[in-house]
Amino acid sequence: QVRLMESGGGLVQPGGSLRLSCAASGINFKIYTMAWYRQIPGKERELVANITSGGRGNYEDSIQGRSTISRNNARNTVFLQMNDLKPEDTADYYCKVGASGREFWGQGTRVTVAT
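Here the structure is a predicted model, which is why all the values come from computation and not from measurement.

Novice: Quick question: what am I supposed to make of the overall build of the protein chain here?
Specialist: Secondary structure summary: the protein chain contains 0 helices and 11 strands in total. Expected size for 115 residues packed as a compact globule is a radius of gyration near 13 Å; at 13 Å, the protein chain falls within 12% of this value. Every one of the 115 residues in the protein chain was classed for burial, and the buried ones make up 42%. With an accessible surface of roughly 6,100 Å², the protein chain has 44% of that area assigned to carbon and sulfur atoms. Taking the average location of the 14 positive side-chain charges in the protein chain and that of its 10 negative ones, the two points are 9 Å from each other.

Here it is in C-alpha cells:
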C-alpha cells in the first residue's frame, strides 16, 4: 500500500521560511520522480517542483530561486525548502508520486503566509 504523508506546513510571516517533508512508504522510493503540488482554494492544483530519481530538481517559475527540492532516499523522504515566502504562496501543499500506472497523493499540509 502506497502512502505519502506531508508535514511541515504552518503559519509564517512574509519573508519567512518553511521546510515541507513528505515521507513515503510502500514504494521503491529511490527509483521514482517525486513532486510537490499546491492548491489555492478555488483554483486547480498546480505543480510547483519535482525531483528526479537522479536528484535533479525542476521548479515552477513563481518559486524558482526561492525554493529547493531535495530527497533522502535512505529515509524515503522528499523535502521542499521554501524561503522568502509571499502571501501568494498560501495554499495546501501536496506530495505526489506516479507508480505502477497510478498517481498517489498525500493528504496535504497547509501553508499560510500572513502577518
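Novice: What is the right way to look at unusual backbone geometry in this model?
Specialist: In most cases, non-glycine residues show a negative phi, while peptide bonds are predominantly trans. Of note, Asn-76 is a non-glycine position whose phi angle comes to about 50°, a positive value. Along the chain, the position of Asn-76 falls in the loop between β7 (67-72) and β8 (77-82). Even without a glycine there, the phi angle at Asp-84 is positive, about 50°. By the element assignment, Asp-84 lies in the loop between β8 and β9 (91-99). Given the relative accessible area of 38%, Asp-84 is considered partly exposed.

Novice: I tried to follow the state of the cysteines on my own but got confused; where do I start?
Specialist: Put plainly, two cysteines are in a disulfide when a covalent bond ties their sulfur atoms together. Across all of its chains, the model carries 1 disulfide by this definition. Here Cys-22 is linked by a disulfide to Cys-95, with a sulfur-sulfur distance of 2.2 Å. Classification of the bridge connecting Cys-22 and Cys-95 rests on its S-S torsion, roughly -80°, and on that basis the disulfide is left-handed. One end of the pair, Cys-22, is in strand β3 (residues 18-25); the other, Cys-95, is in strand β9, with 73 residues separating them in the sequence. For Cys-22, a relative accessible area of 0% translates into the label buried.

Novice: Would you mind showing me how to read the pattern of salt bridges here?
Specialist: Pairing between side chains becomes possible if they bear opposite charge and their charged atoms approach one another. Applying the stated criterion across every chain, the model contains 6 salt bridges. Across the salt bridge formed by Asp-89 and Arg-38, the nearest N and O atoms sit 3.0 Å from each other. Highlighted residues: Asp-89 in the loop between β8 and β9 and Arg-38 in strand β4 (residues 34-39), separated in sequence by 51 residues. As far as the burial class goes, Asp-89 and Arg-38 line up, both buried. The structure contains a network of salt bridges with shared partners spanning Arg-38, Glu-46, Arg-66 and Asp-89.

Novice: Quick question: what am I supposed to make of the pairing of β8 here?
Specialist: Looking along a regular strand, one sees side chains alternate from face to face of the sheet. The buried fraction of β8 amounts to 5 of the 6 residues, a majority that puts the element mostly inside the structure. Pairing of β3 with β8, which is carried by 6 bridges, proceeds in the antiparallel orientation. Within β8, the residue paired with Leu-20 across the bridge is Leu-80. Here β7 pairs with β8 via 6 bridges, running antiparallel. Note on β8: the bridge partner recorded for Ser-67 is Met-82.

Calculation notes
- Residues numbered from 1 in each chain as written.
- Predicted model: local features only at pLDDT ≥ 70, side-chain atom pairs only at ≥ 80, totals over all residues.
- Heavy atoms only, no water.
- Helix = DSSP H or I, 4+ residues; strand = E, 2+ residues; numbered from the N terminus.
- Rg over C-alpha atoms; globule rule 2.2 N^0.38 Å.
- Buried < 20%, exposed > 50% of the residue type's maximum accessible area, 1.4 Å probe, protein only.
- Areas by Shrake-Rupley, 256 points an atom, 1.4 Å probe, with all protein chains shown as cover.
- Lys, Arg positive; Asp, Glu negative; His and termini not counted.
- Charge placed at Lys NZ, Arg CZ, Asp CG, Glu CD.
- Disulfide = S-S within 2.5 Å.
- Salt bridge = Lys/Arg side-chain N within 4 Å of Asp/Glu carboxyl O.
- Pairing = 2+ DSSP bridges.

So yeah, pure geometry; function would need other evidence.
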